[in-house]
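The primary structure of each chain is shown beneath.
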Amino acid sequence: MAVIDVRGLRKRYPGQRLAPALADVDLTIQDGAVLGLIGPNGAGKTTLIKILSGLLVPDSGSGTVLGYDLLRHSRQIRGAVSLVAPTADVGIDNNLTVRQNLVFWAPVYGLTGPAARRRIDELLARLGLDAKADAWPMHISAGQRQRLAIARSLLAEHTLVFLDEPTNKLDADGVRSVRQLIAELNSRHGVTVVLTTHVMEEAEELCSEIAFLAEGRLRRHMPTGEVLRSLGLVRPIRVQLALPPTAVFRRPDAHAFAGAVRIECRDPSVPGEVELTVWSEDTLKTTPELLNWVFASGCRLVGMATEWVTLEDVFHALAAEGGPP
Ligand SMILES: Nc1ncnc2c1ncn2[C@@H]1O[C@H](COP(=O)(O)OP(=O)(O)O)[C@@H](O)[C@H]1O
Ligand SMILES: [Mg+2]
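Nothing here was measured: the structure is a model prediction, and the numbers come from that model.

(A) Structural view of the pairing of strand E4 (residues 60-65). Inspection of the sheet shows strand E1 (residues 2-11) paired to E4 by 5 bridges, in the antiparallel sense. Pairing of Ile4 across the sheet is with Val65, part of E4. Taken together, the 2 bridges between E4 and strand E5 (residues 68-69) define a ladder with antiparallel strand orientation. Bridge pairing in E5 places Val65 opposite Tyr68. The hairpin turn running from E4 into E5, its antiparallel successor, is 2 residues long, and Leu66 in that turn takes a positive phi close to 55°.

(B) Looking closely at the environment of Gly225. Examined against the element boundaries, Gly225 turns out to sit in helix H8 (residues 224-230). Residue classification places Gly225 among the exposed residues on the basis of a relative accessible area of 56%. Gly225 sits 18 residues away from Cys207 along the chain, and the two C-alpha atoms are 9.6 Å apart.

(C) Highlighting the domain arrangement of the protein chain. Domain assignment breaks the protein chain into domain 1 (2-229) and domain 2 (234-308). Summed over both partners, the interface of domain 1 with domain 2 comes to about 460 Å²; 49% of that surface belongs to carbon and sulfur atoms. Counting every contact that joins domain 1 to domain 2 gives 1 salt bridge. A salt bridge links Arg235 to Glu204; the nearest nitrogen and oxygen atoms lie 2.8 Å apart. Viewed at the interface, domain 2 and domain 1 are joined by 1 residue pair in polar contact (both at pLDDT 80 or more). Counting residues per element, the ones that place at least two in the side of domain 1 that touches domain 2 are helix H7 (200-206) and H8. Of the residues contributing to the side of domain 1 that touches domain 2, the split by class is 1 nonpolar, no polar and 3 charged.

(D) Expanded view of helix H9 (residues 283-297). The first and last C-alpha atoms of H9 sit 20 Å apart over 15 residues, in line with the 21 Å expected at 1.5 Å per residue. Within the sequence span of H9, burial applies to Thr283, Thr286, Thr287, Leu290, Trp293 and Val294. Down the axis of H9, the sector holding all buried residues measures 130°, keeping them to one side. Residues of H9 that are exposed and angled more than 90 degrees away from the buried face: Leu284, Asn292, Phe295 and Ala296. Contacts from the buried residues of H9 go to strand E11 (235-242), strand E12 (260-266), strand E13 (273-280) and strand E14 (300-306).

Cut-offs and rules
- Residues numbered from 1 in each chain as written.
- Chains lettered and ligands numbered in written order.
- Predicted model: local features only at pLDDT ≥ 70, side-chain atom pairs only at ≥ 80, totals over all residues.
- Heavy atoms only, no water.
- Pairing = 2+ DSSP bridges.
- Helix = DSSP H or I, 4+ residues; strand = E, 2+ residues; numbered from the N terminus.
- Buried < 20%, exposed > 50% of the residue type's maximum accessible area, 1.4 Å probe, protein only.
- Domains from an automatic or database assignment.
- Buried area = accessible area lost by both parts, 1.4 Å probe.
- Salt bridge = Lys/Arg side-chain N within 4 Å of Asp/Glu carboxyl O.
- Polar contact = N/O pair within 3.5 Å; in protein donor to acceptor, adjacent residues only side chain to side chain.
- Nonpolar A, V, L, I, M, F, W, Y, C, P; charged D, E, K, R; others polar.
- Expected span 1.5 Å × (residues − 1).
- Arc of directions from axis to C-beta.
- Contact = heavy atoms within 4.5 Å.

And the structure:
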């Protein structure tokens, strides 16, 4: 079932002279998907999320969200979806503890009495906030505040959740815990997730499909696994090897590893070592095969590194292949 199905969305803010915030956006998302809405600053990601969650009316376009008409039923849409805004602190009251914040919001989502207490305890545990339940919001980390904001939005148990830059400004631990939470929401609870990010790596890790926005236009929308291949993007896997003292080193062929397209081999400054760079369009397939080859070759693995394709790489590739202006 299509959870989101919209056509021809346009939005121009008052006074916006150059390109509109959104231009002719068509988007269909099926139940159970995790969609990564990705694009540079000002691409229109937040505008699109606000329209899809019923907070903002498009200038034109039509469609449905959870079966509700985007234009006529925006109140029902607002009541049926969760939206976590980019700044985690929106809706968090610093004069209430972590738990009290959730207690305050529960009735807004129709939760009262023992049912509310149960749900709040469950959310605090699930978000790893139980130890911080009685702490003041200003005494917890940015990652924990973001999880509190997410907990608040989950009080409602909605099946469609919008997360606008959920990991922005978090430290490495915060990023990890919020990403894990998003993955669980989807895999364990079947929640359909739409998240925005300007980090390609995050979209690749979390999302089953990726939609690229640039200057208000949806340039591509496809399963995550196809992005690199369809854009001809390859990333390097570098391995540094110490050669076996006796055996002869035979450089592998690119065909030896699934997903590999090219192999470069060079002697680094250290004698007896060699550096292989395997260019792969599917590192998940290439890496284990490459490692198996290393172990079978008798070489000792000294170092290994993979570089992520960045959002810039993707946009260069999109620009190079042309497309809508
Ligand atoms: N309330 C607003 N008034 C005027 N222009 C806005 C407003 N909100 C966003 N914009 C403009 O619309 C474009 C898209 O913004 P936004 O949807 O916030 O992009 P993103 O979330 O991808 O960074 C940008 O050019 C931005 O400056
Ligand atoms: Mg934004």
